[in-house]
Structure formats: C-alpha cells, structure tokens
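Below, each chain spelled out in residue letters.
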Amino acid sequence: MQLITSLDIRNSEYLSKNRLISYHHQLRLIFSLGNQVKNVLEIGIFNSLLTDLLKNNGYNVSTADIDPNLKPDMILDLTTDFSLPKNKFDAIVLFQVLEHFPYEQSEQALKKLAQATKKFLVISIPYCTQYLSFQIKTSFSGRPRHLLLNVPKFWSTTPVCNEHYWEMGLKGYPKKRILNSVVNAGFIIKQEYIDPTYPYHYFLVLEKNSHSG
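Residues numbered from 1 in each chain as written. Predicted model: local features only at pLDDT ≥ 70, side-chain atom pairs only at ≥ 80, totals over all residues. Heavy atoms only, no water.

Asker: Can you walk me through the overall build of the protein chain in this structure?
Answerer: Each helix and strand counted, the protein chain has five helices and nine strands in total. Moving toward the C terminus, one meets the helices and strands of the protein chain in the order α-α-β-α-β-β-β-α-β-β-β-α-β-β. Taking 213 residues into account, the globule formula puts the C-alpha radius of gyration at 17 Å, and the protein chain, at 17 Å, falls close to it. Once the C-alpha set of the protein chain is aligned to its principal axes, its extents read approximately 45 × 45 × 40 Å. Put simply, the protein chain has 213 residues, and 43% of those count as buried. Averaging the locations of the 23 positively and 18 negatively charged side chains of the protein chain gives two centres separated by 8 Å. (Helix = DSSP H or I, 4+ residues; strand = E, 2+ residues; numbered from the N terminus. Rg over C-alpha atoms; globule rule 2.2 N^0.38 Å. Buried < 20%, exposed > 50% of the residue type's maximum accessible area, 1.4 Å probe, protein only. Lys, Arg positive; Asp, Glu negative; His and termini not counted. Charge placed at Lys NZ, Arg CZ, Asp CG, Glu CD.)

If you want it as structure tokens, here you go:
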C-alpha cells in the first residue's frame, strides 16, 4: 500500500465538489450520534480537514495514520496485529480507508476496531455502480428531491481507483457480503446512507454489539 503523501496529490485537486459532499456527510453522521460521542479517533487523515471541523465543534479528536509524514497522533497500520486503547474512543471513524488493502485484512481490521471502540464506528467505502441521478430543486420547494437509479457493476473486477484492492458492487464483493462482514465483526448496522448526487461513497454508522463475543 502506497503512502498517500507519495502520490503527489494536491489539495486543490483532492477537494473536489464531490469529496466536499462526502465531508459534509461525514460530519453530519457524527453529529447525528449526539452527546453519546465526545472522544473521536479518526483513522486515515490526509489533510486533517475533518479533524479540524470536529475540534471546532467541541469534540476531542485523536488521529491515526500509517503515513508518518502526515504527523498523526499515532502511527497505525490496519493490516498488522495492531492494538488500540479499549473504551477510550466513543467513536472511531475512517472514510475510504478499508479498500486500500486486501478484503480479508479489512475484515480482520473491522474485528479489532469493534474491540477497541466504546460505542460506534462510522465508515464509508466505495460503491462501484452504473447510475443515473436526477435532482429537482425549486425556489419554493425547500429541500431538493432526488431520484437515483443505480446498478452494481457485478460483471466487473476493476475498481474505479487503481489504489483500491476491492470496491463494493464489483464481482465477488456484493453489498450483502460487505454487510455480513460488518455484522460478523461485532457491529449492529445503525444506519446506511448514500448521497444520490455522489453515490460512489457508501456510508455506514455501526454500533458495537455488546452481546458479540
């Protein structure tokens, strides 16, 4: 897995309109957990934008990343037999991270994150589909209305991004498989969300299953 700082990604290119839509939902979904969440661990930080936004809204945020050049609070490689302080973080969040290593390692990482988090895990993963999206918005209707038609690319094995080992929707990675992996890791699926204007990022709010082994 290449370090993100080795890819020569510029913030001006990275912070596209679509990615800013995803940042909006990252923040919104964490806010939706209310006063149950105060201490947050963000894994996979790149430009630290989410961390800064959370801190500005009163959260205690720690950061973890495999890339030391990003200066995270802790160096963390999710593909290893890592350990994190248990019950320290009300929520652990990682967005567009798990697909950067083989699926079996992603499953193992989810299990260890379930052991570490006190309450929640909030993630997003790529959802590879062919889609058609409509938005209707008028000056007098308030919130826009959307229609999304999307079909997973189950006939393809090629991720959208060359840095990804897998993406939900591709051949061998149906949504059912990913959701089963989440449940088997020790989580209850609290919420699933997809933005019809940018359906490539699939969000999951997961609650630790206190009854799992």
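Asker: Explanation requested: the packing of aromatic side chains in the structure shown.
Answerer: Each aromatic ring pair is summarised here by two numbers: the centre-to-centre distance and the angle between the ring planes. A complete count under the given rule lists nine aromatic pairs for this structure. For the ring pair Y127 and Y202, a centre distance of 5.4 Å and an interplane angle of 80° mean the geometry is edge-to-face. Taken together, the residues span a long stretch of sequence, with Y127 in the loop between strand 5 (120-126) and strand 6 (129-136) and Y202 in strand 9 (residues 198-208) at a distance of 75 residues. Assessed through its relative accessible area of 8%, Y127 is described here as buried. Judged by relative accessible area, which is 5%, Y202 ranks as buried. Above the plane of the ring of Y193 lies R28, whose end atom (NZ or CZ) is 4.6 Å from the centre. Positioned above the aromatic ring of F82 is the side chain of K112, whose terminal nitrogen or guanidinium carbon lies 5.5 Å from the ring centre. (Phe/Tyr/Trp six-rings, centres within 6.5 Å; stacked < 30°, edge-to-face > 60°. Lys NZ or Arg CZ within 6 Å of the ring centre and 35° of its normal.)

Asker: Would you take a moment to explain helix 3 (residues 49-56) for this structure?
Answerer: Because an α-helix packs 3.6 residues into every turn, residues spaced three or four apart end up facing the same way. Along helix 3, the residues that are buried comprise L50, T51 and L54. Seen along its axis, helix 3 keeps its buried residues to an arc of 100°; they face one direction. Elements that come into contact with the buried residues of helix 3 comprise helix 2 (17-31), strand 1 (39-43), strand 2 (60-65) and strand 4 (91-95). One or two steps after helix 3, the chain reaches G58, where phi turns positive at roughly 90°. (Arc of directions from axis to C-beta. Contact = heavy atoms within 4.5 Å.)

Asker: Help me understand helix 4 (residues 103-116), please; the structure alone is not making it clear to me.
Answerer: An ideal rise of 1.5 Å per residue puts 20 Å on 14 residues; helix 4 measures up with 20 Å between its terminal C-alpha atoms. Three or more residues of helix 4 are buried, namely Y103, S106, A109, L110, L113, A114 and A116. Each buried residue of helix 4 lies within a common arc of 155° when the element is viewed along its axis, so the set occupies one face. Against strand 1, strand 4, strand 5, helix 5 (175-185), strand 8 (187-195) and strand 9 lie the buried residues of helix 4. (Expected span 1.5 Å × (residues − 1).)

Asker: Sorry, what's going on with the environment of D77 here?
Answerer: With respect to the helices, strands and loops of the structure, D77 is situated in the loop between strand 3 (74-75) and strand 4. When the C-alpha positions of D77 and N56 are compared, they lie 27 Å apart, and in sequence the two are 21 residues distant. Beyond its immediate chain neighbours, meaning those up to four positions away, D77 contacts I66 and F82. A distance of 2.6 Å separates a polar atom in the side chain of D77 from a polar atom in the side chain of T79. (Polar contact = N/O pair within 3.5 Å; in protein donor to acceptor, adjacent residues only side chain to side chain.)

Asker: Got a minute to help me understand the sheet that holds strand 9 in this structure?
Answerer: For sheets, the rule is that strands pair by backbone hydrogen bonds, running either parallel or antiparallel. Spatially, the seven strands line up as an open sheet ordered 3-2-1-4-5-9-8, and their pairing is mixed. Each end of this open sheet is capped by a strand with a single partner; those strands are strand 3 and strand 8. As defined by bridge partners, strand 4 adjoins strand 5 across five bridges and the pair is classed as parallel. Looking across to strand 5, one finds that F95 is bridged to S124. (Pairing = 2+ DSSP bridges.)

Asker: Where do I start with the nonpolar core in this structure?
Answerer: Of all hydrophobic cores here, the largest spans 33 residues; its most connected members are I43, L78, I92, L94 and L121. At the level of secondary structure, the elements contributing two or more residues to this core comprise strand 1, strand 4, helix 4, strand 5, helix 5 and strand 9. For this core, the element with the highest residue contribution is helix 4, accounting for six residues. In contact with I92, not counting residues within four places along its chain, are L41, I43, L84, L113, A116, T117, F120, L121 and V122. Grouped together as the second largest cluster of nonpolar side chains are 18 residues, V40, L54, V61 and F95 included. (Core = buried A, V, L, I, M, F, W, Y, C linked by side-chain atoms within 4.5 Å.)

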